[in-house]
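# Residue-level structure breakdown
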Amino acid sequence: MDILALIISLGLGFGVSLLIFSSLLIRSNDIGNAAGSKSQYTFGIDYEIRRNNLSRGEADSFGSGYISGEENLPTGV
Amino acid sequence: MIGRCRNCTGQLTFDPGKQMLICDNCGGTFAPGDYGVTEKELLWDTKVESLSDIYGLDAPEYIDRYVYICKSCGGEVIINGTEVSTRCLYCGNTAVVFSRITKQKRPGYILPFKLSADEALGAVRERFGKGLFIPKSIRNFKQDEVRGIYIPYWIVNCRHKGSVVVSGSVRSGRRTRTEYFGRAGVMNITGLPLDGSRMLSDESSSRLEPYNLDDLTSFSEEYLLGFYSNISDVTYGNLKSAASKRADEYFDELVLRNVHEASSIRIHSEQHRTDIDYKHLKYAMLPAWFITYTHNGTHNTVVVNGQTGKVVCGVPWDKRLFFLLMTAAGLLLTGLFFLIFRNLLPLLIDFNFEKSTAAGIEILAVIAAGTIALFSCGIARIRKVMSSIDLTQDVSIFNFAGRRQG
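Residues numbered from 1 in each chain as written. Chains lettered and ligands numbered in written order. Predicted model: local features only at pLDDT ≥ 70, side-chain atom pairs only at ≥ 80, totals over all residues.

### Examining the overall build of chain A
Counting secondary structure elements, chain A contains 2 helices and 2 strands. Tracing chain A from N to C terminus, the helices and strands come up as α-β-β-α. Buried residues in chain A amount to 29% of all 77 residues. (Helix = DSSP H or I, 4+ residues; strand = E, 2+ residues; numbered from the N terminus. Buried ≥ 20, exposed ≤ 12 C-beta atoms within 10 Å, placed from the backbone.)

### Here we look at the overall build of chain B
The helix and strand inventory of chain B stands at 9 helices and 17 strands. The buried share of chain B, taken over its 406 residues, is 37%. Sequence separation of 24 or more characterises 70% of the internal contacts of chain B that already satisfy a separation of 6 or more. (Contact = placed C-beta atoms within 7 Å.)

### Looking at the environment of Val165(B)
Mapped onto the elements of the fold, Val165(B) is located in strand E10 (residues 143-172). The buried category is assigned to Val165(B), around which 24 C-beta atoms lie within 10 Å. In this view, Val165(B) contacts Leu54(A), Ala59(A), Phe62(A), Tyr180(B), Phe181(B), Gly182(B), His268(B) and Ser269(B); residues no more than four positions away in its chain are not counted.

### Some words on the sheet that holds strand E1 (residues 12-15) of chain B
Residue and element names in this part refer to chain B. Taken in spatial order, the 3 strands line up as E1-E2-E3 in an open sheet, and their pairing is antiparallel. Looking at which strands have only one partner, the edges of the open sheet turn out to be E1 and strand E3 (29-30). Bridge analysis of strand E2 (residues 20-23) against E3 gives 2 bridges, and the strand direction is antiparallel. Considered in E3, the bridge of Ile22 is made with Thr29. (Pairing = 2+ DSSP bridges.)

### Focus: the environment of Ser241(B)
Residue and element names in this part refer to chain B. Position of Ser241 relative to the elements: it lies in helix H6 (residues 236-258). Overall, the presence of 14 C-beta atoms within 10 Å leaves Ser241 in the partly exposed class. Sequence-wise, Ser241 and Asp195 are 46 residues apart; in three dimensions their C-alpha atoms are separated by 12 Å.

### Quick notes on H6(B)
Side chains three or four residues apart in an α-helix point the same way, a direct result of the helix having 3.6 residues per turn. With 23 residues, H6(B) extends 32 Å from end C-alpha to end C-alpha; this agrees with the ideal 33 Å at 1.5 Å per step. What H6(B) keeps buried is the set Leu239(B), Lys240(B), Ala242(B), Ala243(B), Arg246(B), Ala247(B), Tyr250(B), Phe251(B), Leu254(B) and Val255(B). Tucked into the core, H6(B) has its buried residues touching strand E2 (42-54) of chain A together with E10, strand E11 (175-195), helix H5 (202-206) and strand E14 (263-276) of chain B. (Expected span 1.5 Å × (residues − 1).)

### Points about the interface of chain B and chain A
The interface is formed by 73 residues belonging to chain B together with 57 residues belonging to chain A. The biggest single contributor to the side of chain B that touches chain A is E11(B), with 14 residues. For the side of chain B that touches chain A, the per-class residue count stands at 39 nonpolar, 19 polar and 15 charged. Bridge count between strand E1 (residues 30-31) of chain A and strand E17 (residues 311-314) of chain B: 2 bridges; the pairing is antiparallel. Directly across from Asp30(A), in E17(B), lies its bridge partner Gly314(B). (Nonpolar A, V, L, I, M, F, W, Y, C, P; charged D, E, K, R; others polar.)

### Concerning the domain arrangement of chain B
By convention, interface size is frequently given as the accessible area that disappears when the constituent parts associate. All names here are of chain B. Partitioning chain B into domains gives domain 1 (36-106) and domain 2 (117-316 + 393-402). Listed as interface residues are 13 residues of domain 1 and, on the opposing side, 12 residues of domain 2. At the level of secondary structure, the elements contributing two or more residues to the side of domain 1 that touches domain 2 comprise strand E7 (83-87) and strand E8 (94-96). By residue number, the principal contributor to the side of domain 1 that touches domain 2 is E7, which donates 4 residues. (Domains from an automatic or database assignment.)

### Things to note about the pairing of E11(B)
The pairing of E2(A) with E11(B) spans 8 bridges and is antiparallel. Bridge assignment links Thr42(A) to a residue of E11(B), and that residue is Ile189(B). Here 19 bridges tie E10(B) to E11(B), and the two strands are oriented antiparallel to one another. For His160(B), the partnering residue across the bridge sits in E11(B) and is Met187(B). Remark: 2 residues form the turn of the hairpin made by E10(B) and E11(B), two consecutive strands paired antiparallel; Gly173(B) in that turn has positive phi of roughly 65°.

### Some details on the confidence of the model for chain B
In this model, chain B carries a mean pLDDT of 86, and residues with pLDDT of at least 70 account for 87%. In the model output, the complex is listed with pTM 0.84 alongside ipTM 0.80. (pLDDT = per-residue confidence, 0-100.)

### Some details on the nonpolar core
All names here are of chain B. Counting 97 residues, the largest nonpolar core has Ala243, Leu286, Ala288 and Val304 as the members making the most contacts within it. Broken down by element, this core gets its largest block of residues, 11 residues, from E10. Each of domain 1 (36-106) and domain 2 (117-316 + 393-402) gives at least three residues to this core. (Core = buried A, V, L, I, M, F, W, Y, C linked by C-beta atoms within 7 Å.)

### Topic: the packing of helix H1 (residues 2-29) of chain A against helix H7 (residues 319-348) of chain B
Interaxial distance between H1(A) and H7(B) falls to 6 Å at its minimum, and their mutual angle equals 145°. The handedness of the crossing between H1(A) and H7(B) comes out as right-handed. Its residues assigned to classes, the contact of H1(A) with H7(B) shows 21 nonpolar, 5 polar and 2 charged. (Axes fitted to C-alpha atoms, helices over the stretch in contact; angles between N-to-C directions. Left-handed = near helix turned anticlockwise from the far one by under 90°.)

### Notes on the environment of Pro107(B)
Residues and elements named next belong to chain B. If you trace the backbone, Pro107 turns up in the loop between E8 and strand E9 (109-110). Measuring from C-alpha to C-alpha, the distance between Pro107 and His160 comes to 26 Å, with 53 residues separating the pair along the chain. For Pro107, the contacting residues outside a window of four places in its chain are Pro152, Phe219, Tyr283, Ala284 and Met285.

### Comments concerning unusual backbone geometry
Both trends apply: most residues other than glycine have a negative phi, and most peptide bonds are in trans. All names here are of chain B. The omega torsion across Glu209 and Pro210 is 10°, close enough to zero to call that bond cis. Mapped onto the elements of the fold, Pro210 is located in the loop between H5 and strand E12 (217-218). The backbone of Ser264 shows a phi angle near 50°, a positive value even though the residue is not glycine. Looking at the element boundaries, Ser264 is found in strand E14.

Structural data, given as structure tokens:
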């Protein structure tokens, strides 16, 4: 019983420690890692179709035909 | 002559603090934009010639190098294919390649530097001082180069249509089942800045955001005095793929936030289309300071938003300190958990199998899954830091800032 308790404790102890110190490492050494926030550039999505509880088949065919057409890029660079 | 003081012909430099042109010699101040267009037009015909054409040098390092004659001293200024302003190696004055910003290629707007080189360096040192795992040698780093560079950006408006299916887990009683949620709609994006330089990675430039674009002003060459700058070299195709990438991410994030009925949600399938409003594209130059330092023989390039002072970089970490503290905390937590589980386990599991142990085994399975999740999350975070460090030590960003004259 003690051995099982020790194995679990080691896993959780070092797991929690790794999580805490990796979070501190991000704060400390990954400086300014966030790109521009979407809230600066968009007010959100105007939903035209919103469906819950889709079956797998419905999920696979959802939105087909909603996105269509090819955009023509302007000529030149 | 543009770039020269009208009182004493001394070199003018744009002062971010005063937002004025200052004469290095007599201290005279001038408002940017004081010089007439006709004065600039005289310089539009000054040609830039390829280095390999002039000297017959065919080595790969000379392919994208050009020669421009400094208007102050007549010295040869070596520039790359997209540089608009640089420093003359001989007289130290700013050389503006006017032929590269004629009417056709001219940026419409510029966001002048608000931060001076000293302020940018101060912001980096202050931020480094707060880093627990930043080695002392880096906290007291000695900069190799500090360069203020105007990066070409396209400010884009676009309309994004998306159709996304989200899958997620829904509990019913003791069972969990997967459900699917469909969302389709339109999202308008306004004022999205996209870096127009192929030399600089989108990942590096997007981290410099946000820029306050309300401060954009009409482009004038005088703002370039004292700084380096490049013109855009991306195609409409590059621009569209960069806009699509950002719009897809934003759309997916918003859809995931819109599904409240399930847990462990993820994107099951998605279709996107982004249409850029090409008629209202804005071409602007946005400011950034590039500070390079060397650590253990490797070049590191720290980038600072020239308007807001946001510092962007991944800093090499003190591995010894990190693993020492993590191990100490790990042992402490192990001791605490051991005290808890030594008393708790006999209540959860009966090893003589006389009582039912289903609930106990289930709890153990949850603990095991939780432990795996803790390790995965921790390792993912360390990898994220390492990828930021890779970006800071990337040759392309070092070349973008470093392969300039002066």
